[in-house]
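Descriptive structure summary
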Amino acid sequence: MQLHEEIQEHLARLEPRLQAEVLDFVLFLEQKQQQSLPDTVINDEEALKIHEQLMNQYADAFAKLAQ
């Protein structure tokens, strides 16, 4: 038996009020897990800002080299 099946069996034995507590705890654990993950995903807008900053830095560096 897989773990999720075992959890479901035990959960089915609980009254609805306790099932709701289990759900609250699961949601808490998901939030805790999400907060512990590194924030490495960036959206398109952030990527464009980083690109623009790099291009400006390159332009400055090349301008200084050209002097």
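About the criteria used
- Residues numbered from 1 in each chain as written.
- Predicted model: local features only at pLDDT ≥ 70, side-chain atom pairs only at ≥ 80, totals over all residues.
- Heavy atoms only, no water.
- Salt bridge = Lys/Arg side-chain N within 4 Å of Asp/Glu carboxyl O.
- Helix = DSSP H or I, 4+ residues; strand = E, 2+ residues; numbered from the N terminus.
- Buried < 20%, exposed > 50% of the residue type's maximum accessible area, 1.4 Å probe, protein only.

Take the pattern of salt bridges next. The final tally for this structure, using the stated rule, is three salt bridges. In this structure, the salt-bridge partner of Arg17 is Glu21, at a minimum N-O distance of 3.3 Å. Here the residue Arg17 and the residue Glu21 both occupy positions in helix α2 (residues 16-36), the gap between them amounting to four residues, near one helical turn. Residue classification places Glu21 among the partly exposed positions, given a relative accessible area of 45%. Two residues, Lys49 and Glu45, come together in a salt bridge whose shortest N-O distance is 3.7 Å. Of this pair, Lys49 and Glu45 both sit in helix α3 (residues 44-66), four residues apart, which is roughly one turn of that helix. The exposure class assigned to Lys49 is partly exposed, which follows from its relative accessible area of 46%. Residues joined in a network through salt bridges with shared partners are Glu15, Arg17 and Glu21.

Any functional reading would require information beyond the geometric quantities listed.
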